[in-house]
Amino acid sequence: MADLTTEFLGIKSPNPFWLASAPPTDKEYNVRRAFEAGWGGVVWKTLGEDPPVVNVNGPRYGAIWGADRRLLGLNNIELITDRSLQTNLEEITRVKKDYPDRAVIVSLMVPCEEQAWKTILPLVEATGADGVELNFGCPHGMSERGMGSAVGQVPEYIEMVTRWVKENSSLPCIVKLTPNITDIRKPAAAAKRGGADAVSLINTINSITSVNLDLFAPEPTIDGKGAHGGYCGPAVKPIALNMVAEIARDPELQGLPISGIGGVTTWKDAAEFIALGCGNVQVCTAAMTYGFKVVQEMISGLSDYLDDKGFASVEEFVGRAVPNVSDWQHLNLNYIAKARIDQDLCISCGRCFAACEDTSHQAIAMKPGRVFEVKDDECVACNLCVNVCPVEDCITMVQLEPGQVDERTGKVVQPEYANWTTHPNNPGAVKAAE
Amino acid sequence: MAGNVFAEGVSAGRLDSEELLRNFGDLHPPLDDHEALVAADRCYFCHDAPCMEACPTSIDIPLFIRQIATGTPDAAAKTIFNQNILGGMCARVCPTEQLCEEVCVREVAEHKPVEIGRLQRYATDGLMAKGQHPFTRGEPTGKRIAVVGAGPAGLSCAHRLAMKGHDVVLYDARPKAGGLNEYGIAAYKTVEGFAQAEVDWLLKIGGITVENEKALGRDITLDGLKSDYDAVFLGLGLGGVNALGLDGEDREGMAPATDFIAELRQAPDLGALPVGRDVVVIGGGMTAIDAAVQSKLLGALNVTLVYRRGRDRMNASVFEQDLAASKGVRIITNASPVAVHGNGAVREVEFEYTDNDLKPTGQRFRVPADQVFKAIGQTLTGEGLPEIQDRKIKVSETGRTSLDGVWAGGDCASGGDDLTVTAVAEGRDAAEDIHAALMG
Ligand SMILES: Cc1cc2nc3c(=O)[nH]c(=O)nc-3n(C[C@H](O)[C@H](O)[C@H](O)COP(=O)(O)OP(=O)(O)OC[C@H]3O[C@@H](n4cnc5c(N)ncnc54)[C@H](O)[C@@H]3O)c2cc1C
Ligand SMILES: Cc1cc2nc3c(=O)[nH]c(=O)nc-3n(C[C@H](O)[C@H](O)[C@H](O)COP(=O)(O)O)c2cc1C
Ligand code: SF4
């Protein structure tokens, strides 16, 4: 079994699985049980100034499910901790003392005034916590009070607050980013300028999960009304992965440590975040759906993966996929593939036919006896048939070797790499010197 | 176990009422909402789906399942009823393992088809429970049509005709409408009076007058109907039964399986229905299986089903055979009856083993029996019917007989399997043809 010990900003934890700042890390009782279950670290539920906020007394979560009620996406309108600062600080102190080998990060959100940060930071340091995370992400409730994503959406504020934190504390500082912006690199760069030691992302995405068609109100509904909430869980992973990749491959942000968050549900999700440059991951919805025990699958899965690949540590594959994240214009246009249907695996459902015939390139023939075959002279290798086929590996994309003829274009496949920037159809193409 | 299961002879009350209730409960319990969603999610929404082609009534199965999956089961029910107005009964009695589910791509791939039958029941039950009838009659056409036989074929034909605006008189020899839905189908497939409830629901379309206990050849004649109505549809089913042709065939305790089943279906109290301790059923089709299983469920101690050819030649599906075996019915194949023994009432049936070509082997054995059910096929009965072909009324694709203005469908007509769903399809198609013929 591989050793999963990771060091993030010099903070050691037995594995890269931290619980994100949220209900699972809301109090001592939870966190102790989480550590017993095996979690490597926690980011404590966001602390604020006293008097504490109050939460709604009606439903605060909404969800999207698959047919068998598998939870695919969760939405919430919960605020930061609704318990007093003192209570939280005392609990953090006790927990850290009893679990010195686990990471304990304290998430913070106080008003945009330096004094507020000057006041809270020494109190946090006194708990023995390993670092702070600045919650610039919460998209509901707190943002209406000029905190959370209201800060996270203005790079100048991020920079300013981050600088206050760095000037008033020696603790490692993680800035948690909101995805509710157009270019994630801007707030990340601001955090870096302000002196952040790392960024974590994503926080939740503005969302309305559903509309009650009898009440004509968003769900969850409280006294006939609903407010947008923050979306998280498996559904947000693709968005989070892209944002992580944007930061990881930005030359200016090179080397800025990332803690990956958003839809991590299995070891594989975590490994994907890590391959895209995250030093560790944080998990909320998976724990809220299945309980703390899920971490055991994450640990065994990641460990098997490391063993399989021959990696000695998690560190070894951090960012391995980053160099292969490219812009569209640099993709090789001389790479030509065709769909191939494995007739032994085919169950003749005809979904590939319907999809290709109705919405793609009319490149699949339906033959007598429900036999489906790809027409190489029409197939553009779009991959839609692969995506809609219910049988794994039944349809695959097979690359044409250089020298073979692409029946669709009648041209011989060229061995060299050529992309859009030099393509004759590109008005702005860089012409090779005559 | 009640005390008198061992009682010899044919006697009532072998099991207590609780056990009977359990035995004759729903064979396939209905899906609840969540189960239906999960079952529906397994459908791949195949292009030009094989299941649809395998359904004799061509229900748009992928569409109705998708309608269930998206939370609109009533729309699903309408999709079903559009093609098959007895979709509720068919969902219960269709041998889906030989029809839609047999060709489901998931059956082919993983031997676990989408549960089409149960999903169909889920959708149709839901709409029917609301008491809603999803169709309205067209403008009155002034045409009058006689439908003889209120089984699946006649009901389906009558409904389609009424929908088109024609006036229909539906004659049936029996006291209740429904045909074999009411008098034949196994009790555990159509519990809680579903057959009559379905007939009542179907008749809500309006324009159909039911005349029970009016038999063709006794109370009415084909010539009379032809002159009184614009068209006639015959859905007579198969009223007669084949005989074994043995001495002692009419000994006490010997009966056609269909009579026993009809009696069972009509019995107000199953505990009062007598059944033998040792029951022998002769035959290899659905009727034989149903008679055997229901004897067993009534409390018969030993039930033996004997079929003259091999297992693979049995008309009853593998599912039905397995059902019988699981209920404790002993199945003997490759044996033909040669004699019925007894002193007054039947005591034993003697069989001889036969090879697959029915050649006797000379090896004989006897099976104790105090009740014997014959289920070796039903036949068309009646005189003055249109031209007969292979013992059934000869019909065209759309049900036209040799007589002008007379259509036929269901078990009594040539072509198609003897199944509820086939009868529904034939009745419906004949109605469409009658409509086209009358309206020009
Ligand atoms: C025991 C048994 C079990 C079966 N189980 C199944 C099953 O599980 N699934 C399945 O798909 N199929 C099953 N079948 C077959 C199915 O019941 C028939 O295929 C179907 O009922 C045929 O419908 P029909 O309308 O043609 O005839 P029937 O249902 O037989 O209806 C004919 C009607 O015509 C009436 N009639 C007859 N003669 C006259 C007359 N002279 N005048 C007036 N009325 C008359 C009868 O009273 C009857 O109501 C079973 C059959 C039997 C016997
Ligand atoms: C109910 C709930 C409350 C949350 N509260 C906080 C919070 O107080 N502070 C914070 O930084 N993030 C908060 N989050 C966001 C999570 O920490 C995390 O960023 C987000 O849920 C995405 O991760 P996931 O897909 O694993 O859930 C909350 C999320 C949920 C579901
Ligand atoms: S890859 Fe696209 S174009 Fe080619 S066969 Fe599949 S769906 Fe059609």
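Computed from a predicted model, the values in this text were never measured in an experiment. (Residues numbered from 1 in each chain as written. Chains lettered and ligands numbered in written order. Predicted model: local features only at pLDDT ≥ 70, side-chain atom pairs only at ≥ 80, totals over all residues.)

The next thing to look at is the overall build of chain B. For chain B, the count of helices and strands is 17 helices and 19 strands. The C-alpha atoms of chain B give 22 Å as radius of gyration, which agrees with the globular expectation for 440 residues (22 Å, within 12%). Dimensions of chain B, computed from C-alpha atoms along their principal axes, come out at roughly 65 × 55 × 40 Å. Within chain B, the fraction of its 440 residues that count as buried is 48%. (Helix = DSSP H or I, 4+ residues; strand = E, 2+ residues; numbered from the N terminus. Rg over C-alpha atoms; globule rule 2.2 N^0.38 Å. Buried ≥ 20, exposed ≤ 12 C-beta atoms within 10 Å, placed from the backbone.)

A tally of helices and strands in chain A yields 12 helices and 22 strands. Summarising its shape, the C-alpha atoms of chain A cover approximately 75 × 60 × 45 Å along the three principal directions. Buried residues in chain A amount to 44% of all 434 residues. Long-range pairs, those at least 24 residues apart, make up 70% of the contacts in chain A with a sequence separation of at least 6. (Contact = placed C-beta atoms within 7 Å.)

Residue and element names in this part refer to chain A. The environment of ligand 2 is made up of 28 residues, and the closest members are Ala 20, Thr 46, Cys 232, Cys 284 and Thr 285. The set of elements that each furnish at least two residues to the shell around ligand 2 consists of β4 (41-47), β6 (71-76) and α9 (285-290). When grouped by side-chain class, the residues that make up the shell around ligand 2 number 13 nonpolar, 12 polar and 3 charged. (Near = placed C-beta within 6 Å. Nonpolar A, V, L, I, M, F, W, Y, C, P; charged D, E, K, R; others polar.)

Moving on, we come to the site of ligand 3. Residues and elements named next belong to chain A. By nearness alone, 15 residues border ligand 3, and Cys 356, Ala 363, Cys 379, Cys 382 and Cys 385 come closest of all. Within the residue set of the shell around ligand 3, elements represented by two or more residues are α11 (351-359) and α12 (384-388). For the shell around ligand 3, a count of residues per class yields 12 nonpolar, 3 polar and no charged.

Turning to unusual backbone geometry, a few remarks are in order. Residue and element names in this part refer to chain A. Residue Pro 51 is bonded to the preceding Asp 50 through a cis peptide linkage, with omega at -10°. Looking at where Pro 51 falls in the secondary structure, it is placed in the loop between β4 and β5 (61-65). Of note, the amide linkage connecting Leu 201 to Ile 202 takes the cis form, showing an omega dihedral of 10°. The residue Ile 202 is located in the loop between β10 (198-201) and β11 (205-207) in this model.

Residue and element names in this part refer to chain B. In terms of nonpolar packing, the biggest core is built from 150 residues, with Ile 68, Leu 119, Phe 233, Val 281, Ala 292 and Leu 305 touching the most fellow members. For this core, the element with the highest residue contribution is helix α15 (residues 286-298), accounting for 8 residues. Among all residues touching Phe 233, those that are not within four sequence positions of it are Ile 145, Val 147, Gly 154, Cys 157, Trp 407, Ala 408, Gly 409, Ala 430 and Ile 434. (Core = buried A, V, L, I, M, F, W, Y, C linked by C-beta atoms within 7 Å.)

Glancing now at the sheet that holds strand β12 (residues 335-343) of chain B. All names here are of chain B. Strand order in this open sheet of 3 strands is β12-β13-β14, and the pairing throughout is antiparallel. Because the sheet does not close on itself, it has two edges, and the strands there are β12 and β14 (360-368). Within the sheet, the average angular offset between the axes of one strand and its neighbour, ignoring direction, is 25°. As judged from the 8 bridges shared by β12 and strand β13 (residues 345-354), these two strands associate in the antiparallel manner. Of the residues in β13, the one forming a bridge with Gly 342 is Val 346. (Pairing = 2+ DSSP bridges. Axes fitted to C-alpha atoms, helices over the stretch in contact; angles between N-to-C directions.)

Further remarks concern the interface of chain B and chain A. In this assembly, 12 residues from chain B lie in contact with 11 residues from chain A. Taken together, the elements giving at least two residues each to the side of chain B that touches chain A come down to α2 (33-41) and α8 (105-110) of chain B. Taken together, the residues of the side of chain B that touches chain A sort by class into 9 nonpolar, 1 polar and 2 charged.

Reports of interface size often rely on the accessible area that becomes lost once the parts have come together. Residues and elements named next belong to chain B. When cut into domains, chain B gives domain 1 (33-129), domain 2 (144-239 + 380-439) and domain 3 (243-377). Centre-to-centre, using C-alpha coordinates, domain 2 lies 30 Å away from domain 3. The interface is formed by 5 residues belonging to domain 2 together with 8 residues belonging to domain 3. The residue makeup of the side of domain 2 that touches domain 3, split by class, is 3 nonpolar, 1 polar and 1 charged. (Domains from an automatic or database assignment.)

Strands belonging to one sheet form pairs held by backbone hydrogen bonds; the direction of such a pair is parallel or antiparallel. All names here are of chain A. With respect to topology, 4 strands assemble into an open sheet ordered β5-β6-β14-β11, the strand pairing being antiparallel. Only two strands of the sheet have a single partner each, and these edge strands are β5 and β11. In this sheet, neighbouring strand axes are inclined to one another by 35° on average, regardless of whether the strands run parallel or antiparallel. Pairing analysis gives 3 bridges linking β11 to strand β14 (residues 229-232), with the strands arranged antiparallel. For Asn 206, the partnering residue across the bridge sits in β14 and is Gly 230.

With that out of the way, let us pick up the environment of B:His435. Residues and elements named next belong to chain B. The topology assignment puts His 435 in helix α17 (residues 420-439). For His 435 and Thr 141, which are 294 residues apart along the polypeptide, the C-alpha to C-alpha distance reads 9.9 Å. Each residue touching His 435, except ones within four places of it in the same chain, is listed here: Leu 161 and Lys 164.

So, on to the packing of α2(B) against helix α9 (residues 116-129) of chain B. Residues and elements named next belong to chain B. Packing of α2 against α9 leaves a shortest axis separation of 10 Å and a crossing angle of 135°. Taken together, the axes of α2 and α9 are oblique relative to one another. For the pair α2 and α9, the sense of crossing is left-handed. Residues Ala 36, Ala 39 and Ala 40 of α2 form the contact with α9, whose own contacting residues are Arg 118, Leu 119 and Tyr 122. The residue inventory of the contact of α2 with α9, partitioned by class, reads 5 nonpolar, no polar and 1 charged. (Parallel < 35°, antiparallel > 145°, perpendicular 65-115°, else oblique. Left-handed = near helix turned anticlockwise from the far one by under 90°.)

Glancing now at the environment of B:Ala408. All names here are of chain B. Tracing the backbone through its elements, the reader meets Ala 408 in strand β19 (residues 406-408). Between the alpha carbons of Ala 408 and Lys 394 there is a distance of 8.4 Å; along the sequence they are 14 residues apart. Ignoring sequence-local partners within four residues, the contact set of Ala 408 consists of Phe 233, Leu 234, Pro 386, Ile 393, Val 395, Gly 399, Thr 401 and Ala 413.

Take α11(A) next. Within the span of α11(A), buried status applies to A:Arg351, A:Cys352, A:Phe353 and A:Cys356. Buried residues along α11(A) sit against β18 (364-367), β19 (371-374), α12 and β20 (395-399) of chain A.

This next bit is on the environment of A:Gly279. As for its position among the elements, A:Gly279 is in strand β16 (residues 278-283). Non-local contacts of A:Gly279, meaning those with residues more than four positions away in its chain, are made with A:Thr6, A:Phe8, A:Pro257, A:Ile258, A:Ser259 and A:Val318.

The subject of this paragraph is helix α6 (residues 185-194) of chain A. Residues and elements named next belong to chain A. In terms of burial, α6 is largely enclosed, as 7 of its 10 residues are buried. Residues of α6 that are buried: Pro 187, Ala 188, Ala 189, Ala 190, Ala 191, Lys 192 and Gly 194. For α6, the secondary structure elements touched by its buried residues are α4 (149-152), α5 (155-168), β9 (173-176), β10 and α7 (237-248). Taken from the residues just after α6, Gly 195 is the one with a positive phi, measuring 105°.

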